[in-house]
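One-letter residues, chain by chain:
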Protein chains: 2
Amino acid sequence: MTLEQLGQRAKAASAHLRTASTADKNAALLAVAARLESDMDAILEANAADIAAARENGMRESLIDRLMLSESRIRGMADGVRDVVALADPVGEIVTGYRRPNGLCIQKTRVPLGVVGIIYEARPNVTSDAAALCLKSGNAVILRGGKEALRSNMAVTAAIRNGLKDAGFPEDAVALLEQTDRETASKMMKLNAYIDVLIPRGGAGLIRSVVENATVPVIQTGVGNCHIYVDRAADIDMAKAITVNAKVSRPSVCNAAETLLVHRDIANDALPVLAAALRENGVQLRCCERALPLCGEAIPATEEDWATEYGDYIMAVKVVDSLDDAAAHIAAYGTGHSECIVTDSHQAAQAFTLQIDAAAVYVNASTRFTDGGEFGMGAEIGISTQKLHARGPMGLTELTSVKYIVYGDGQIR
Amino acid sequence: MTLEQLGQRAKAASAHLRTASTADKNAALLAVAARLESDMDAILEANAADIAAARENGMRESLIDRLMLSESRIRGMADGVRDVVALADPVGEIVTGYRRPNGLCIQKTRVPLGVVGIIYEARPNVTSDAAALCLKSGNAVILRGGKEALRSNMAVTAAIRNGLKDAGFPEDAVALLEQTDRETASKMMKLNAYIDVLIPRGGAGLIRSVVENATVPVIQTGVGNCHIYVDRAADIDMAKAITVNAKVSRPSVCNAAETLLVHRDIANDALPVLAAALRENGVQLRCCERALPLCGEAIPATEEDWATEYGDYIMAVKVVDSLDDAAAHIAAYGTGHSECIVTDSHQAAQAFTLQIDAAAVYVNASTRFTDGGEFGMGAEIGISTQKLHARGPMGLTELTSVKYIVYGDGQIR
């Protein structure tokens, strides 16, 4: 099937989904979950072929692990789909409603986006996660996964479509683009007639490529150069716990902290404690001139360090003269993802939250909480680092748009 | 000044605006309004030069009229800026706030977008309108107007910047791109480092060019191929009043109706009445085969007619077999702007509002109401016909984003 045909079919399916009841969408999700389990053998077989090919091509074991499915992982995917059943349906919410002086009754009503395109890299579990969230929010979805996971994604998509069929839903509500070449991806990014929004999920290179090539509206996700700012009024024990957690609890994710900024008035007391705790957790420190003598074993930071999302057991450390200096550093090098101040000063907390321009700004809590689950959304399709439409973790509500429904009794203008 | 410098300065100014109080922003707006009036002579002189050049280049009189400023038009622009003072400031609103089981207090808070880029055509009043709405919502703005209005736009911008200076605001909060060539416009569309969102205001060609070229997120505005569907349960007098109003009250605007769809069961009674009323108002009718014999003087419609936004005293007319047929026609040819059903059937009204995928869906009211003022927003920066971020009339709220402010007492994950 051509991309154009895929788009046409997805759009047709989205018209069905737009008017589907919550009960029917939930029934479809349960049928999808059942099929993921009952079609498990086919999925495992396809995955084994992907794994074998990846090994042959010399893929790193850490990436192989992300690609690999097992019975328990597939049951986890099915359970993930069932979890979406329990989430509230955002569609149909009247966001605001009011009557105008001329008697017109205006209801701003939440509706599905229509057709969502997801471009992602090698994890096959994204296929079922994304499909479930799109279905629940009334959207059709066109998935374009990585080449390395193609067989797995095809098998997972086939199971999902079987489930949709079992539930009497149009199978075309979930489609996988089987051409994994770059040209077809580029065409997908320009398929404005059929795709309402594109969400890239993956590394910085993928996201940049989508932002640069797409004419379809894009929600940019992911990149996080996050900071912990230890204010002069910080509790040093709290600063230690938060900094260590933000750096080492999962260094590879986008909400992990990369740079530690410390107010000069507290640096002599705080930095030796913080540095020792980080080193004990295997973190290499890269320090500014003033921080270096306070941090024990460490190396000097270069300009490049301030701008780097390490995704690793490395942290840049800088002494700043003031909260304003910290804010200026964050404005210069941050990616607008998650920023934290540790302070007991109300004034400092208010100034920091007002000044910092990021999706999530924390006072006395780890940046690692920027996550749909942690924010109480139940599930997330990604974390937006742009300012249009959605910012921060995106749950079901962020997969919707609105329309104005206007009731009159013959009003003319 | 280069575009890059303009961007840097606008971004720096936006940091100031982000933390400005409503009172200070209002004071700045009043100072801007005062300057528009006190600097009137300079504006009129610049405008006279634009008009002279336009006449020399053979510009049509209807376009000359859009370009022309007068004392009363400039006072109108100043009053428009003062009107924005009275509007509620959306910034700082806590959209949702809740406490998580771990004690984290999450506040989703409305914040400015940052730097807004507006690309528009020949009307110099857009310069002050857009600047006022951006300032009130805490955004810096980079304006790029048409070549024909450059002198006028420069003079208006100079007055605005004088007003900002009078109020102690950074002048760079409002900047005009003085290079009106295409290459610089293209560069502006890719200035992701400094511009957070682009809003094109103008004809279909301009909007298409921005959508195709921009890597900065775009809010698409404007194009409207709007329909009136007269259901079999319609009141014919109401249908007549709404259809005539939607077509002729201002045919050139995007919320004017272009195609009339009539249910076959009411066509024999309704069409002669509707057609006569439209013809009396100077509307040429282009009819499908079934409508033609019922409409009196009319010409046959071609496939192209269904897809055309006439913007003129022309209306396409089609008889449909059912509400579903009407919905299918609208899905095929509509632009997702404003669609109307005239009916007294509750069931038909519900089916139409659920099925139709458009920014505004009307039951028994003219499509002409799709407008920020008519919707009670006080002012509008444009009408979005895309589904991301904003849909329908965009007021101050639509010029904002959100950030999550999260208060903890040492939470780690």
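How each quantity is defined
Residues numbered from 1 in each chain as written. Chains lettered and ligands numbered in written order. Predicted model: local features only at pLDDT ≥ 70, side-chain atom pairs only at ≥ 80, totals over all residues. Helix = DSSP H or I, 4+ residues; strand = E, 2+ residues; numbered from the N terminus. Rg over C-alpha atoms; globule rule 2.2 N^0.38 Å. Buried ≥ 20, exposed ≤ 12 C-beta atoms within 10 Å, placed from the backbone. Contact = placed C-beta atoms within 7 Å. Nonpolar A, V, L, I, M, F, W, Y, C, P; charged D, E, K, R; others polar. Pairing = 2+ DSSP bridges. Least-squares fit on C-alpha atoms with pLDDT ≥ 70 in both. Domains from an automatic or database assignment. Axes fitted to C-alpha atoms, helices over the stretch in contact; angles between N-to-C directions. Core = buried A, V, L, I, M, F, W, Y, C linked by C-beta atoms within 7 Å. Expected span 1.5 Å × (residues − 1). Parallel < 35°, antiparallel > 145°, perpendicular 65-115°, else oblique. Left-handed = near helix turned anticlockwise from the far one by under 90°.

Moving on to the overall build of chain A. Helix and strand counts for chain A stand at 14 helices and 16 strands. The C-alpha atoms of chain A give a radius of gyration of 24 Å, which matches the 22 Å a tight globule of 413 residues would have. Dimensions of chain A, computed from C-alpha atoms along their principal axes, come out at roughly 70 × 65 × 35 Å. When burial is assessed residue by residue, chain A has 56% of its 413 residues classed as buried. Contacts in chain A between residues far apart in sequence, at least 24 positions, make up 71% of those at least 6 positions apart.

Contact residues are listed per partner, giving 58 residues for chain A and 58 residues for chain B. For the side of chain A that touches chain B, the elements supplying multiple residues, two or more each, are α1 (3-18), α9 (204-213), α10 (236-248), α14 (346-355), β13 (360-365) and β16 (400-411) of chain A. With eleven residues, β16 of chain A is the single largest residue contributor to the side of chain A that touches chain B. Considering only residue class, the side of chain A that touches chain B consists of 29 nonpolar, 17 polar and twelve charged. Summarising the sheet, β16 of chain A and strand β13 (residues 360-365) of chain B pair through five bridges and their orientation is parallel. Within the sheet, the bridge partner assigned to Ile 405 of chain A lies in β13 of chain B and is Val 361 of chain B.

This part covers the relation of the copies chain A and chain B. When chain A is brought onto chain B, the operation consists of a screw motion whose angular component is 180° and whose axial shift is 0.0 Å, with 0.1 Å RMSD remaining. The operation mapping one copy onto its partner corresponds to a two-fold rotation axis. By C-alpha distance to the rotation axis, the residue of chain A lying nearest is His 389 of chain A, at 1.7 Å. A high fraction, 100%, of the interface residues of chain A reappear at the interface in chain B, so the copies pair face to face through one surface.

Time to look at the domain arrangement of chain A. According to the domain assignment, chain A consists of domain 1 (3-220 + 389-407) and domain 2 (226-369). Here the C-alpha centre of domain 2 of chain A lies 36 Å away from the C-alpha centre of domain 1 of chain A.

This paragraph deals with the sheet that holds strand β10 (residues 299-300) of chain A. Strands sit in the order β10(A)-β9(A)-β11(A)-β8(A)-β7(A)-β12(A)-β13(A)-β16(B)-β2(B)-β1(B) across an open sheet of ten strands; the sheet is mixed. The open sheet has two edge strands with one neighbour each: β10 of chain A together with β1 (94-99) of chain B. Pairing of strand β9 (residues 284-287) of chain A with strand β11 (residues 314-320) of chain A, which is carried by four bridges, proceeds in the parallel orientation. Bridge pairing links Cys 287 of chain A to Val 317 of chain A in β11 of chain A. In this fold α10 of chain A packs onto β7 (226-230), β8 (257-263), β11, β12 (338-342) and β13 of chain A together with β16 (400-411) of chain B, with an angle of close to 160° to the strand it touches most, β12 of chain A. On top of the sheet, helix α11 (residues 264-280) of chain A reaches β7, β8, β9 and β11 of chain A; it is set at about 150° to β8 of chain A, its chief contact.

Counting buried positions along strand β6 (residues 197-201) of chain A yields five of five residues, so the element is predominantly enclosed. Taking every second residue as pointing to the same face, both faces of β6 of chain A are buried, with Val 197, Ile 199 and Arg 201 of chain A on one and Leu 198 and Pro 200 of chain A on the other.

Right, let's get into the pairing of β9 of chain A. Judged from the two bridges that link them, β9 of chain A and β10 of chain A form a sheet pairing that is parallel. Looking across to β10 of chain A, one finds that Arg 286 of chain A is bridged to Ile 299 of chain A.

Attention now goes to the nonpolar core. By size, the foremost hydrophobic cluster in this structure holds 263 residues, and its most contacted members are Val 32, Val 141, Leu 198 and Val 406 of chain A together with Val 32, Val 141 and Leu 198 of chain B. When near neighbours in sequence (up to four residues on either side) are disregarded, Leu 198 of chain B contacts Gly 117, Ile 119, Met 189, Val 210, Ala 214, Val 216 and Val 218 of chain B.

Our next topic: helix α11 (residues 264-280) of chain B. All names here are of chain B. Taking 1.5 Å per residue, 17 residues should reach 24 Å; α11 reaches 23 Å between its end C-alpha atoms and fits that length. Each element contacted by the buried residues of α11 is listed here: β7 (226-230), α10 (236-248), β8 (257-263), β9 (284-287) and β11 (314-320). Phi for Gly 282, located one or two positions after α11, is positive at around 80°.

Our next topic: the packing of helix α2 (residues 22-38) of chain B against helix α7 (residues 150-166) of chain B. Residue and element names in this part refer to chain B. α7 packs onto α2 with a crossing angle of 135° between their chain directions and a minimal axis gap of 7 Å. Taken together, the axes of α2 and α7 lie oblique to each other. As α2 packs across α7, the resulting crossing turns out to be right-handed. In this structure, α2 contributes Ala 28, Ala 31, Val 32, Ala 34, Arg 35 and Leu 36 to the contact, and α7 contributes Ala 159, Ile 160, Asn 162, Gly 163, Leu 164 and Asp 166.

Moving on, we get to the packing of α10 of chain B against α11 of chain B. All names here are of chain B. Close contact between α10 and α11 brings their axes to 10 Å; oriented N to C, the two are set at 35°. Pair α10 / α11 crosses with right-handed handedness. Taking contact as the criterion, the partners of Ile 236, Ala 239, Lys 240, Thr 243, Val 244 and Lys 247 in α10 are, on α11, Asp 269, Ala 270, Val 273, Leu 274, Ala 277 and Leu 278. Considering only residue class, the contact of α10 with α11 consists of eight nonpolar, one polar and three charged.

Residue and element names in this part refer to chain A. Of note in the backbone geometry, Asn 364 takes a positive phi value of approximately 60° without being a glycine. Topologically, Asn 364 is positioned in strand β13. Given 23 C-beta atoms within a 10 Å radius, Asn 364 is considered buried. With a phi close to 70°, His 389 is a non-glycine residue in the positive phi region. Tracing the backbone shows His 389 in the loop between β14 (382-384) and β15 (392-394).

All right, on to the environment of Thr 385 of chain A then. Residue and element names in this part refer to chain A. Along the chain, Thr 385 turns up in the loop between β14 and β15. Each C-alpha atom, one on Thr 385 and one on Thr 180, is 26 Å from the other, the two residues being 205 residues apart in sequence. Setting aside chain neighbours within four positions, we find Thr 385 in contact with Gln 220, Thr 221, Gly 222, Val 223, Thr 335, Gly 336, His 337 and Ala 359.

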